[in-house]
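Residue strings, one per chain:
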Amino acid sequence: MNDILIFAGTTEGRTLSEGLAARGIPHTVFVATEYGELMMADDPLAEVRRGRLDEAEMEKLFREAGPDAKVYDATHPFAVVVTENIRAACEKAGCRYIRVLREDGEGAAEGAGIRYFASAPECAEALAAEEGSVLLTTGSKELGVFAAVPRLAGRLYARVLPSAESIGLCAEAGLEGKHVIAMHGPFSKELNKAIISQYGIDILVTKETGKSGGFPEKIEACREAGIKAFVIGRPAEAGGVTVEEALAEFGTVPGGSAVFDWSFDDGEDRPSRIFLIGIGPGSADLLTGEARKHIEEAEILFGAPRMLEPFPGKTSYPYYKAADVLPVIYDSDASCFAVLFSGDSGFFSGAVKMKKALDDALSASSKDYSVEIIPGISSLSYFASRLGADYSDAALMSIHGSKDPGRAADALLAELRKRGKVFTLLSGRDDAVMLAEKLRDFGPKDASMFLGRDLSYPGENVFMADTKTGRIIPDDAGFSYLSELPSASYVAYLCAPAETGKPVFPVLPDDSFERGKVPMTKEAIRHLSIARLGLAENSVLYDIGSGTGSIAVQAASIRETIRVYAIEKKAEALDLIRLNARKHRLPNVIPVEGEAPEALTGLEKPTHAFIGGSGGNLREILDVLRAKNPAVRVVLNAVSLETIAEMTAVVKEFPVTDLTIEQVQVSRSRELGSYHLMTADNPVMICSFTFDPEENK
């Protein structure tokens, strides 16, 4: 996933993509329709993805792109919901949102015969009071609003894009045949006039789409044809950049100033000092003396806008990536630069990565230069001082910027059990809510959670959160619950009694599981089966036909870094899996409802699989497992003669290594008066093997 993302579908989006490609910058473009994909230029630097995304899907993509991602919203000015979703997803993922604005129509829509409306329904209502034919140039999405007005029946003509989706929407609205004009712009004034004349149009309906949307040409055509123009006004937008302003951040195209030529072999004097400075939590009062000295020496500063605010007199650029910083260094006559990073330069900071990138880029230079890292005060050391807490024995972690915050939180809980103290950086309010819920359901029972917001800034607040209810103690500036908090920078401190004496291989007895009437793999067989799996750190296990979840829970308890998907089709069993996972406080057990192999779709790649029940789909399940990971490790259990026969027959069809088939029968003692008699369980066949990846080629 690239870290420059464009939501396109408009002229502005295509222009921005072409401009980035011309500068040699890889990026990802999102378009909603097949037609939008076809309109994008075919360029290896532009990865085009098609499909409509909701806010949750956007947030997931943005987190994958990382906290340094730039998201350019170049969607249509009237795509208000899409813009809101992009903006909200950016805020939750902690990445930069840039709205790309469309130019205005240059005052073309003034004069007689032109009426403005706030919305499509309002415009449709006004049209009902008018006579004559109506040409809709508002796109296909709102055709139903106009078609639903009885007095407009038979009078509507729609000009839409020549795509299957648009024409299908016309048909749904009852517009077919000559009432559909499927054409792609741009439309000149003359072409607009020709369509008005050809179809005998009396009123043209348009959105105030600006210059690139052909708005002036529509209005001029209406004026010269002597017909009315009904205009749906553009939603107000606060803030944004033009395409030109967006591209200016990336320098000029090669042939102007050579944006990507870092060789410095042209004989000119170049900078000799570049400082990468940790500025602390944010307030200029917390700068170290060394940091302040080098910032004062620097002729040009780089950093996130909030970091640059305390230094208004300096020439500065809102960049914090090597690819953005180097072009400025290359084109500048300055000799001293500083790149600002929040917190401490060595604690979950981009400073070390930046130094390596600068060193690599400048290594071919014959000039003298140095890149030096200057440490600062970390947010966690500042927060610890505010709490009066000792963090010498604490685990120091970060959920901020994680591609999988849930998994990062699971690892955090594991450290909390071991150490009893964890300090962590959070991406925002949603991470705080998620972490509190994890503590409530899976954390140590006596855990406490403290949060700090906007540390060192005027709005700083430090408070405690009740993880059972999500309530803030004390109330934070009128906010009573974590879910009500504003989006901001948060730091968390968790403390709990450390668990001691935990066995390397936890043995969970059968009576520690809630069972109901659902079958369960018994203790001895469970341990043997898991031993045959050979799980390791960060293994991903599918427990197929999980039942009560005994295998899933036992495996997940070995290491908190093992991720177990408990696949089960029965509702009663799924409830038991959730109950047992919470009882043993294991967030790394993920219940999955459904029947294999269909339920395996969309799950992450497995390293191991345990099959306790296949529902007669063993061959199909193994096919899917092998496709997902050609070297997956598999353990099968069978009790009935029919299942044993199916298992031995099917396994022969696949290329495997390390094949072991064992029959195990376990007997347990029971008391009978003063005697202890042995009672035997049914024999169980345990089959284990690894798919041979060489045979899969």
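Within every chain, residues take consecutive numbers counted from 1 along the sequence as written. The predicted origin of the model limits local features to residues at a pLDDT of at least 70 and limits the giving and counting of side-chain atom pairs to 80 or more, whereas totals for whole chains, interfaces and linings rest on all residues. Hydrogen atoms and water are omitted, and side-chain values are computed over all heavy atoms in the structure.

Here, a salt bridge means any side-chain nitrogen of Lys or Arg that lies within 4 Å of a carboxyl oxygen of Asp or Glu. Counted according to the given criterion, the structure contains 38 salt bridges. The salt bridge partner of Lys-189 is Glu-224, with a shortest N-O separation of 2.8 Å. Taken together, the residues Lys-189 in helix H8 (residues 189–198) and Glu-224 in helix H9 (residues 215–225) connect sequence positions 35 residues apart. The exposure class assigned to Lys-189 is partly exposed, which follows from its relative accessible area of 25%. As a salt-bridge pair, Asp-393 and Lys-421 come within 3.1 Å of each other at their nearest N and O atoms. Within this pair, whereas Asp-393 is found in the loop between helix H15 (379–387) and strand E17 (395–398), its partner Lys-421 is found in strand E18 (residues 421–426), the two being separated by 28 residues in sequence. Type-normalised accessible area, obtained with a 1.4 Å probe on protein chains alone, sets the label of each residue: buried when under 20%, exposed when over 50%, and partly exposed for intermediate values. Classification of Asp-393 as partly exposed rests on a relative accessible area of 39%. Counted as one network, the salt bridges with shared partners bring together Asp-404, Arg-407, Asp-410, Lys-438, Arg-563 and Glu-604. Starting at the N terminus, helices and strands are each numbered in turn, a helix being any DSSP run of H or I of at least four residues and a strand any DSSP run of E of at least two.

So, about the sheet that holds strand E28 (residues 633–638). Any two strands with at least two DSSP-identified bridges between them are counted as paired. Ordered by their spatial adjacency, 7 strands build an open sheet running E26-E25-E24-E27-E28-E32-E29, and the pairing between neighbours is mixed. With partners counted over all chains shown, the strands left at the sheet margins are strand E26 (589–593) and strand E29 (656–664), one partner each. Recorded for the sheet is a direction-independent mean angle of 15° between the axes of neighbouring strands. Relative to strand E25 (residues 563–568), strand E24 (residues 540–544) runs parallel, the two sharing 5 bridges. From the neighbouring strand, Val-540 faces E25, where its bridge partner is Arg-563. Here, residues are in contact when the closest pair of their heavy atoms is within 4.5 Å. Axes here mean lines fitted to C-alpha atoms, for a helix over just the part in contact, with angles spanning 0 to 180 degrees between N-to-C directions. Against the sheet, helix H18 (residues 523–533) contacts E24, strand E27 (608–611), E28, E29 and strand E32 (684–691), and its axis sits at roughly 155° relative to E28. Against the sheet, helix H21 (residues 618–628) engages E24, E27, E28 and E32, with an angle of about 170° to E27.

Below, the discussion takes up unusual backbone geometry. For the bond running from Ala-596 to Pro-597, omega is 10°, close enough to zero to count as cis. The backbone of Phe-348 sits at a positive phi, close to 45°, despite the residue not being glycine. You can see Phe-348 is positioned in the loop between strand E15 (336–341) and helix H14 (351–362). With a phi angle near 80°, Ser-456 is a residue other than glycine that sits in the positive phi range. Positionally, Ser-456 belongs in the loop between strand E19 (448–453) and strand E20 (461–466). Residue classification places Ser-456 among the buried residues on the basis of a relative accessible area of 14%.

To pair, rings of Phe, Tyr and Trp, with the six-membered ring standing in for Trp, must have centres within 6.5 Å; the planes then decide the type, stacked if under 30 degrees apart, edge-to-face if over 60, and tilted in the middle. One pass over the full model with this rule turns up 16 aromatic pairs. Arranged with centres 4.5 Å apart and planes meeting at 20°, the rings of Phe-423 and Tyr-493 form a pair that is stacked. Of the two residues, Phe-423 is situated in strand E18 and Tyr-493 in strand E23 (residues 490–495); the sequence distance between them amounts to 70 residues. Residue classification places Phe-423 among the buried residues on the basis of a relative accessible area of 0%. You can call Tyr-493 buried: its relative accessible area is 8%. Through successive ring pairs, a cluster of aromatic residues spans Phe-383, Tyr-391, Phe-423, Phe-450 and Tyr-493. The residue whose ring lies beneath Arg-306 is Tyr-457, and the NZ or CZ to ring-centre distance is 3.8 Å. Note on criteria: charge over ring means Lys NZ or Arg CZ within 6 Å of the ring centre, with the direction from the centre no more than 35 degrees off the ring normal.

Direction of pairing for strand E4 (residues 70–73) relative to strand E5 (residues 96–99): parallel, over a ladder of 4 bridges. What sits directly across from Tyr-72, in E5, is Ile-98. Following the backbone out of E4, through helix H4 (residues 80–93) and into the adjacent parallel E5, one traces a crossover that is right-handed. Orient the strands so they point away from the viewer; a crossover is then right-handed if the path from the first strand over the helix to the second runs clockwise.

Moving on, we come to a nonpolar patch on the surface. Residues enter a patch when their relative accessible area is above 30% and they make no salt bridge; the linking distance is 9 Å between like charges and 5 Å between nonpolar side chains (Val, Leu, Ile, Met, Phe, Trp, Tyr). Per-residue accessibility takes into account occlusion by the displayed protein chains alone, with areas from the Shrake-Rupley method and a 1.4 Å probe. Taken together, the side chains of Leu-672, Tyr-675 and Leu-677 make up a nonpolar region of the molecular surface, amounting to roughly 320 Å² of accessible area. Inspection of the secondary structure assignment puts Leu-677 in strand E31 (residues 675–680).

Attention shifts here to helix H19 (residues 550–558). Among the 9 residues that make up H19, 9 are buried, leaving the element largely enclosed by the rest of the structure. Along H19, the residues that are buried comprise Ser-550, Ile-551, Ala-552, Val-553, Gln-554, Ala-555, Ala-556, Ser-557 and Ile-558.

Between two cysteines, a covalent bond joining their sulfur atoms is known as a disulfide. Disulfides are defined as pairs of cysteine sulfur atoms found within 2.5 Å of each other. All chains considered together, the criterion is met by 0 disulfides. The cysteine Cys-123 is free of any disulfide, with Cys-222 supplying the nearest cysteine sulfur at 12 Å. We classify Cys-123 as buried; its relative accessible area is 0%.

What follows is about the packing of H8 against H9. Across the interface, H8 lies against H9 with an axial gap of 8 Å and an inter-helix angle of 50°. One element, H8, and the other, H9, form an angle in the oblique class. Between H8 and H9 lies a crossing of right-handed hand. Across the interface between the two elements, Lys-189, Asn-192, Lys-193 and Ile-196 from H8 touch Glu-217, Lys-218, Glu-220, Ala-221, Cys-222, Glu-224 and Ala-225 from H9. The labels follow the angle: roughly parallel below 35 degrees, roughly antiparallel above 145, roughly perpendicular from 65 to 115, and oblique for the rest. By the definition used in this description, the sense in which the near helix is turned from the far one sets the handedness, with an anticlockwise turn below a right angle giving left-handed and a clockwise turn giving right-handed.

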